[in-house]
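Structure at a glance
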Amino acid sequence: MLTKVRKKQLDTDLWIIAGVSLLVLVIYTVFGREIDNIAVDTEIPIVLRVLFMGGIFQFGIAGLGITIVAIVRKERFSDHGLTRKHLLPAIALSALCCVPDLLYNLFAGNVHTWLPFSAVQTTAEALESGFPENALAMLLTALFYLPDHDPAVQKSDLVDPRLPQGHSGEIF
């Protein structure tokens with residue numbers, strides 16, 4: 001049973017997440033042209049641009065709000081079931097799920113265009129830069145863009161208790 005205190009806490013947590021994400025989105029919307037100019041300015045080292053774009057905007061929209069909630073509530077990832085137990089089988093099975101897409105692209109002749117983080121604005125330049133900048137920039141890119149789904153687990157733990165008991169997972 002969801003108590004009024006817990007419901008209010010969940011509401012507050014969801015508002016914090018939404019507010020932080022919307023604030024970052026508004027900042028990007030208002031200053032988007034200037035931000036994009038910084039992202040492509042080759043006078044600024046690629047690592048700093050990756051930190052700027054990924055650390056502020058990608059993480060700001062996808063993970064900053066839930067991180068603030070976790071810090072305020074003194075929660076850990078393991079509180080939401082995110083542990084290292086069975087990590088290797090989970091990675092192997094996740095990679096196995098990519099096989100159909102890889103086969104499709106192979107038969108469609110698109111394998112040469114597949115590149116992790118290719119949609120990220122700074123990836124091509126990061127790969128072209130020399131070592132160690134390229135390694136550091138790609139490591140930071142992975143750090144900011146891969147964990148997008150971890151906060152989703154925590155967010156679902158905030159939303160699920162608000163759904164009626166015995167729901168089938170369907171909203172409508």
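Everything here concerns the structure above.
In this report, the structure presented in the accompanying data block is examined.

Rules used in this analysis
- Residues numbered from 1 in each chain as written.
- Predicted model: local features only at pLDDT ≥ 70, side-chain atom pairs only at ≥ 80, totals over all residues.
- Heavy atoms only, no water.
- Disulfide = S-S within 2.5 Å.
- Buried < 20%, exposed > 50% of the residue type's maximum accessible area, 1.4 Å probe, protein only.
- Helix = DSSP H or I, 4+ residues; strand = E, 2+ residues; numbered from the N terminus.
- Contact = heavy atoms within 4.5 Å.
- Core = buried A, V, L, I, M, F, W, Y, C linked by side-chain atoms within 4.5 Å.

Taken as a whole and judged by the stated rule, the model has zero disulfides. Considering cysteine sulfurs only, Cys98 is the nearest to Cys97, which forms no disulfide, with 6.9 Å between them. Judged by relative accessible area, which is 62%, Cys97 ranks as exposed.

With respect to the helices and strands, the residue Val50 is situated in helix H2 (residues 46-62). Looking at Val50, the relative accessible area reads 2%, which means it is buried. Between the C-alpha atoms of Val50 and Ala137, which are 87 residues apart in sequence, the distance is 6.3 Å. Those residues in contact with Val50 that sit more than four places away from it in its chain are Gly55, Thr122, Ala137, Leu140, Thr141 and Phe144.

Judged by nonpolar contacts, Ile46, Val47, Val50, Phe117, Val120, Ala126, Ala137, Met138, Leu140, Ala142 and Phe144 together constitute the single largest core of eleven residues. Listed by contribution, the elements that provide at least two residues to this core are H2 and helix H7 (133-145). Per-element accounting of this core gives the leading share, five residues, to H7. Here Ile46 is in contact with Thr122, Glu125, Ala126, Ser129, Glu133 and Ala137, once residues within four sequence places are set aside. Core analysis: the second largest hydrophobic core is formed by five residues, Val24, Ala39, Met53 and Phe57 among them.

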